[in-house]
Amino acid sequence: MPDVEPENQSRSIAAVERAMDVLLLFGRTGRPDLGVTEIANELGLTKAAVHRILTALRNRDLITVEPATRRYALGHAAIALGRAYLARTDLRVMAAPELRRLAAATGETATLSIRRGDTRMYVDQVVPDQELRMEVALGVPYPLHAGSSSRAILAFLRPEEIDEYLDRHELTPFTDATITTPRALRAELADTRVRGYAISRGERQIGAASVAAPVLDHDGGVVAAISACGPLPRFEPHMLDSVPLLQKAAGAVSAQLGYSG
């Protein structure tokens, strides 16, 4: 009898850990919803165990289900938790000192972009005191295939997420320099992962050059990108010289998010 309580306690802890694993899977996937089979395969659980976990999470409004498709998504209680976390750890507040240092050191505009599903958007920038300078539009969604900030995010998604993105979207050109074939884009994404940063020379905006590095969270998932950008004739000759400063800035923000790689 003395061993019964510790055994029950161990089972309860294991059940809680499995439930957290399911919630975290929803948090890190780029897909809007998941099926039972997908969850079971991803986490190495039986379908029966996944059903039990999802039922418990639905009872607390942490997970919701679409009755017609029987696919699951995060519920309003989980979204409320995420908003509470973001209110305390505003990425813009974290990145602001790094953007100021990057802009001061390079003499060019430093930007912060965040991922929003299959798009990314600028949420902050520091513009240097230059007569000719780059300024970006905040809050405007851009696709993930064109430009250094977009590709710095796309390149560091999981392979299946990249595949799904390419299945869902045509590679629309913004300029003559935009990569518009999946094969060429995949090759550039592979180079980006090896280098650790993305480069753009007039791909999304004519006359602009930029270099961007990913911001990673505690799981190693990409959540944002930091870039340095400027007019092509002025910035391109010394664009690569800014890479160590850029990677230091992105690494500092990633560390604040718990990334230790």
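Scroll up a little and you will see the structure.
Residues numbered from 1 in each chain as written. Predicted model: local features only at pLDDT ≥ 70, side-chain atom pairs only at ≥ 80, totals over all residues. Heavy atoms only, no water.

Trainee: What am I meant to see in the pairing of strand E8 (residues 222-231) here?
Mentor: For a regular strand, side chains alternate in direction, first toward one face of the sheet and then toward the other. By the criterion of burial, E8 is predominantly enclosed, with nine of the ten residues buried. Bridge analysis of strand E3 (residues 109-116) against E8 gives six bridges, and the strand direction is antiparallel. Considered in E8, the bridge of Ser113 is made with Ala225. Across nine bridges, strand E7 (residues 208-216) lies against E8 in antiparallel orientation. Bridge pairing in E8 links Val215 to Ala224. (Buried < 20%, exposed > 50% of the residue type's maximum accessible area, 1.4 Å probe, protein only. Helix = DSSP H or I, 4+ residues; strand = E, 2+ residues; numbered from the N terminus. Pairing = 2+ DSSP bridges.)

Trainee: How do you make sense of helix H8 (residues 182-195) when you look at a structure like this?
Mentor: Since there are 3.6 residues in each turn of an α-helix, residues three or four apart along the chain are aligned in direction. In this model H8 runs 20 Å from its N-terminal to its C-terminal C-alpha over 14 residues, within 8% of the 20 Å that 1.5 Å per residue would give. Inspection of H8 places Leu185, Glu188, Leu189 and Thr192 among the buried residues, and these make up the whole buried set. Buried residues of H8, seen end-on, are gathered within an arc of 105 degrees and therefore sit on one face of the element. Away from its buried face by more than 90 degrees, H8 exposes Arg183 and Val194. Against the buried residues of H8 lie helix H6 (148-154), helix H7 (159-168) and strand E6 (198-201). Directly after H8, the chain includes Gly196, whose backbone phi takes a positive value near 95 degrees. (Expected span 1.5 Å × (residues − 1). Arc of directions from axis to C-beta. Contact = heavy atoms within 4.5 Å.)

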